[in-house]
Structure formats: structure tokens, C-alpha cells
Amino acid sequence: MANASGLLTRPSFPSLRRTKIQQPPIRIFKTFVCSSTIQSKGMPRFVSKGCKFVGCGSATPSLQVSNDDLSKIVDTNDEWIALRTGIRNRRIISGKDSLTSLAVEAARNALEMASVDPEDVDLVLLCSSTPEDLFGGAPQIQKALGCKSNPLAYDITAACSGFILGLVSAACHIRGGGFKSVLVIGADALSRFVDWTDRGSCILFGDAAGAVLVQACDVEEDGLFSFDLHSDGDGQRHLNASIKLNEIENEAGANGSVLDFPPSRASYSCIQMNGKEVFRFAVKSVPQTIESALEKAGLSASDIDWLLLHQANQRIIDAVATRLEVPSERVISNLANYGNTSAASIPLALDEAVRCGKVKPGHIIASAGFGAGVTWGSAILRWG
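First, a word on scope: everything that follows refers to the structure included in this document.

Reading the values: the criteria
Residues numbered from 1 in each chain as written. Predicted model: local features only at pLDDT ≥ 70, side-chain atom pairs only at ≥ 80, totals over all residues. Heavy atoms only, no water. Helix = DSSP H or I, 4+ residues; strand = E, 2+ residues; numbered from the N terminus. Phe/Tyr/Trp six-rings, centres within 6.5 Å; stacked < 30°, edge-to-face > 60°. Lys NZ or Arg CZ within 6 Å of the ring centre and 35° of its normal. 1 Å grid on protein atoms, 1.4 Å probe; cavity = no way out; pocket = protein on both sides within 12 Å on 5 of 7 lines; lining within 4 Å. Points joined across faces, edges and corners; volume = space filled by probe spheres on them. Nonpolar A, V, L, I, M, F, W, Y, C, P; charged D, E, K, R; others polar. Expected span 1.5 Å × (residues − 1). Buried < 20%, exposed > 50% of the residue type's maximum accessible area, 1.4 Å probe, protein only.

Further remarks concern unusual backbone geometry. In this chain, G373 is followed by V374 through a cis amide linkage whose omega measures -5°. Looking at the element boundaries, V374 is found in the loop between β19 (364-371) and β20 (375-382). Residue N150 is not a glycine yet carries a positive backbone phi of 55°. Looking at the element boundaries, N150 is found in the loop between α4 (138-145) and β9 (152-156).

Laid out in C-alpha cells, this is it:
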């Protein structure tokens, strides 16, 4: 299997005397393949497939909150926000909206574009840091979609990098696990974890969901050319929403019979962010990871049709494009209308670009995500 950098090592075939079959990697020109091993009459047989990206969809809450609206609750204004972030509006979950319903709507739109029935989906990946159940939300999405064969569904928690990790995970499931149709959904409701009195952070975030259907194909048609993934736990101090213990009366402890039991009820703090440090990290690390992925794919920045980054801040998007020498007309951005929607931002922007005719089948996209953890990574893919 490919490692986190998308690099593959030379295959080392297992001894026939071994009872446990190893899973060596296979390298195909300009394509990175996870392999599966099938035991047949005592001999290992290696089977690989490619993957292609065939449908996308998105969904946003009905409530729109403008910069002028925010100026009524914190000391800010439209010009100040737009100048520093590029954001004008954001969508916020309210009333009967739920993150699950948004994710389901986005997934259905992706399936409809690809003309695929929910019953043909054999894996659902929900990329989210804000599921509406502590134990994850992917199975509820699978149920709501009507996937009657009970396909595997699980969550991936990697904040704003989540969707890139989801795409790579889907590719590995297809290439090495025999899956045929994988729904990758990015959905987050960070508004629920924002301190709405902090003008430095509350201006940034919005809620949304986006989805892409990844399908198996012949290796020659493979649409994921390369990827590059990283994490660094040291960066957690600059961007986090850590657990906190709520102080409650501990009757057992008060009686002296048991100390520190029962444990205090836990919740999560609001998002804590050092904006300057996150900006420095992004403008340095994102171009590097894209350059690395392009090199692995045997491509240069001039070969790509579109640059699609996590929609965090327009200044970051512009700085990365400048570093890679990608002209502004080949950069996809819808940040002004939605703000930072975390794991949803890349599929949301992709869906709009596909439906308006910008992104067409055969176009090559360099995409990158970066966020809490910290985690960051990129993928070079072909649409359609």
C-alpha cells in the first residue's frame, strides 16, 4: 500500500511457505495503486483497479449571515472582514437544519449526477469533526440514503484536511479492497463550536456539506495520479477545540469514600486559533505538498487545469497560487459566499465549479487541505 506520501516501494513477493499472505504494493506509471492479494491454489494473485471521480453534490443551510449581520454582535464591519479574509457571507445551521440532513442531500445530489442508485454504494465515508453523535454519523447517512445492503460506513476526523484524506482512503479501498462505489462526504457545522463574541474567529466559519462519488475503473483510466499527506501534533497548540471538564458536585468524593469519581461531565471548548501562526503554516506547507504531489505524478503546475484549495482565507489561496505560478483564472474559490466550511469546503467549491461548467471531464485538478491537528495534504486528480 502507498504510504502517507503517496510513494510506493518495490514489491517483495511473499514466500510460498508462509501461511499469511503479505500485501505488497504495485507501481503503475503516473498512478499509485494499493493492491489486494487473493489466495488461489497456494499461489498469490495480485489484483488492482483504478478509481475515477464521477459525481458531486453539495448542500448548505438556509440561514445566511452577512458581515453586516455580524457587525451587530461583535465589533467589526464588512470592509474589515472582507479585506482580511475575503469572506462576505456564510451559511449557519438553524431551526430544523441538521448536519446529517445536509450530508444526505449532498450525497443524493452526487449520486444523481453519476446516475448511481444508493443500493449500488458499498462504502460511505463521512469526513467530519462535528458529527451529531459522539460515535459518528456515517451509518445514519447510509440509512437515510436507503442503502439496503448495509454497506460499511464510518467517519474520518481530520478537520479541514478531512476531505482529501477521504478521497485517498476511498481510492485505497477501491484499489486494494475490491470496493466499487464509494461516497466521500465532507460535512461540518463549526458554527456550533465558535465563540460568537470573538471577532477574530467567529467571522471565519460557516456550515455546509459536499460529496463526491468515487468509482472503480480499469487501471488505465485511473483518475488519482498522486497524493501527499502529513501531520504534526506540535501544531495543535495553534488550532484546537479541546475537551474540557465541567465542574459538578461529586457526592462520592465529598463523602470521602471515592476520590475523583464519578468523573466530571465533559464537553468541548470553542475553537481556539492563533491566526498568524496558521497563516504562516498554510502559505509554507500547502505549496510544498502540492509540489511534492505534482512531482510524484510527473507533472508541473502548468499541466493542471484548476487549483482547488481548502477555502479558509482568500489571502492564503492567493499566496499559494502565486507561489505555484497558477493564474487567478485557474483558481477555484467560493469563499466569499460560504466562509470556511472545514471538510465541506473542497467538495462544495468543486460542485459549484462542475455545475457551472468550469470543471469539465478530463480536467486535471490539484487540490489541498490543511487544518487542525495539524494535518495537511494534497491530491492530483482527473475529473470524470
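This next bit is on the packing of aromatic side chains. Taken as a whole and assessed by the stated rule, the structure comprises one aromatic pair. Ring plane angle 80° and centroid distance 5.3 Å describe the contact between F281 and W376, whose orientation is recorded as edge-to-face. Linking F281 in helix α7 (residues 275-297) with W376 in strand β20, this pair joins segments that are 95 residues apart in sequence. The ring of W80 is capped by R199, whose NZ or CZ atom sits 4.3 Å from the centre of that ring. Here R315 stacks its cationic end above the ring of F279, 4.8 Å away from the centre of that ring.

By volume, the largest pocket is sized at about 1200 Å³. In this structure, the largest pocket is lined by 49 residues; those nearest its centre are L190, F205, L239, I271 and A372. Listed by contribution, the elements that provide at least two residues to the lining of the largest pocket are α2 (78-85), β13 (239-240), α7, α8 (314-324) and β19. Element by element, the count of residues in the lining of the largest pocket is highest for α7, at five residues. Taken together, the residues of the lining of the largest pocket sort by class into 25 nonpolar, 16 polar and eight charged.

A separate point is empty space enclosed by the protein. The final tally for this structure, using the stated rule, is one cavity of 30 Å³ or more. Approximately 60 Å³ is the volume found for the largest cavity. Considering the residues around the largest cavity, the lining is formed by F53, F163, L167, V212, L308, I346, L350, I365, S367, L381 and W383. Breaking the lining of the largest cavity down by element, the ones donating at least two residues are α5 (162-177), α10 (345-355) and β19. When grouped by side-chain class, the residues that make up the lining of the largest cavity number 10 nonpolar, one polar and no charged.

Along its 23 residues, α7 runs 32 Å from first to last C-alpha, staying within 8% of the 33 Å computed at 1.5 Å per residue. Burial in α7 covers these residues: V278, F281, A282, S285, V286, P287, T289, I290, A293, L294, K296 and A297. Note on α7: the residue one or two positions beyond its end, G298, has a positive phi of about 75°.

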